[in-house]
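Commentary on secondary and tertiary structure
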Amino acid sequence: MSDLASLRPLFQACDQSALGHAMRDVAWLFPFVETVHLLALGLLGGTVLIVDLRLCGAVLRQEPVSRLAREVEPWMIGGLVAMLLSGLPLFFSEALKLYTNGAFRLKMILLLLAVIYTFTAHRRVVFGDEFPSPMRCRMTALVSLALWSGVGLCGRAIGFLGT
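Presented here is a report on the structure given in the accompanying data block.

Calculation rules
- Residues numbered from 1 in each chain as written.
- Predicted model: local features only at pLDDT ≥ 70, side-chain atom pairs only at ≥ 80, totals over all residues.
- Heavy atoms only, no water.
- Helix = DSSP H or I, 4+ residues; strand = E, 2+ residues; numbered from the N terminus.
- Buried < 20%, exposed > 50% of the residue type's maximum accessible area, 1.4 Å probe, protein only.
- Contact = heavy atoms within 4.5 Å.
- Areas by Shrake-Rupley, 256 points an atom, 1.4 Å probe, with all protein chains shown as cover.
- Lys, Arg positive; Asp, Glu negative; His and termini not counted.
- Charge placed at Lys NZ, Arg CZ, Asp CG, Glu CD.
- 1 Å grid on protein atoms, 1.4 Å probe; cavity = no way out; pocket = protein on both sides within 12 Å on 5 of 7 lines; lining within 4 Å.
- Points joined across faces, edges and corners; volume = space filled by probe spheres on them.
- Nonpolar A, V, L, I, M, F, W, Y, C, P; charged D, E, K, R; others polar.
- Salt bridge = Lys/Arg side-chain N within 4 Å of Asp/Glu carboxyl O.

Side note on the overall build of the protein chain
In terms of regular secondary structure, the protein chain is built from eight helices and zero strands. In sequence order, the secondary structure elements of the protein chain are arranged as α-α-α-α-α-α-α-α. Taken over the C-alpha atoms alone, the protein chain extends approximately 50 × 35 × 25 Å along its principal axes. By residue count, 38% of the 163 residues in the protein chain fall in the buried class. For the protein chain, restricting intrachain contacts to residue pairs at least 6 apart in sequence, the fraction spanning at least 24 positions comes to 77%. Total accessible area on the protein chain stands at roughly 9,500 Å², and carbon and sulfur atoms take up 70% of it. For the protein chain, the distance from the average site of its 14 positive side-chain charges to the average site of its 11 negative ones is 5 Å.

Set out below in structure tokens:
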């Protein structure tokens with residue numbers, strides 16, 4: 001808990017920043033940024049879902065996974081960047097509330113794990129030179145889907161679970 005306590009001044013500074021105040025004081029700003037955030041999550045989630053369903057062999061079986069992933073990768077990265085950039089002002093708007101929110105903490109942990117996993121282990125299976133076994137493809141896809149679903153579900157839970 002002492003590690004978390006050492007972050008309180010950072011959360012306070014974010015909450016009291018000009019961006020935090022603008023997000024709370026300008027009536028249309030929070031809904032606009034939230035809309036961008038959710039659209040970006042949908043874009044990211046859609047690209048992850050299609051590649052992972054292909055890895056499982058559930059859709060587009062005639063399409064090579066690597067080609068499909070290469071085609072959607074710019075959209076996935078764009079969705080991820082837009083989600084992260086829109087998430088910052090949302091965080092600043094209620095940083096002190098999020099300081100003790102367990103769902104927020106879990107979302108951030110899952111987000112970090114999902115990004116690392118996507119650009120390491122997942123990427124090796126999708127773009128690797130070897131042909132992984134169908135079981136390895138399915139397990140890679142299921143881990144990816146679990147991580148990204150966890151990010152979305154925890155994000156949704158933030159408003160309901162409170163502190």
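Concerning empty space enclosed by the protein
This model, assessed by the stated rule, comprises one cavity of 30 Å³ or more. Put simply, the largest cavity is a space of about 160 Å³. Among the elements that take part in the lining of the largest cavity, helix 7 (residues 102-127) stands out by supplying six residues, more than any other. Here the residues of the lining of the largest cavity are counted per class, giving eight nonpolar, four polar and two charged.

Topic: the pattern of salt bridges
Per the counting criterion, the structure on display carries four salt bridges. As a salt-bridge pair, D15 and R24 come within 3.5 Å of each other at their nearest N and O atoms. Take D15: its relative accessible area is 10%, and that puts it in the buried class. A relative accessible area of 36% places R24 in the partly exposed class. Salt bridges here are not isolated pairs; linked through shared partners, they connect E63, R67 and E71.

Overview of the layout of surface pockets
Estimated volume of the largest pocket: approximately 600 Å³. Lining the largest pocket we find 24 residues, and of these H37, L90, K107, G155 and I158 sit closest to its centre. The biggest single contributor to the lining of the largest pocket is helix 8 (residues 134-161), with seven residues. By volume, the second largest pocket amounts to about 180 Å³. Forming the boundary of the second largest pocket are 13 residues, of which V65, V125, V126, F131 and P132 lie nearest the centre. Listing elements by their share of the lining of the second largest pocket, those giving two or more residues are helix 4 (29-55), helix 5 (65-93) and helix 7. Looking at side-chain class alone, the lining of the second largest pocket contains eight nonpolar, two polar and three charged residues.

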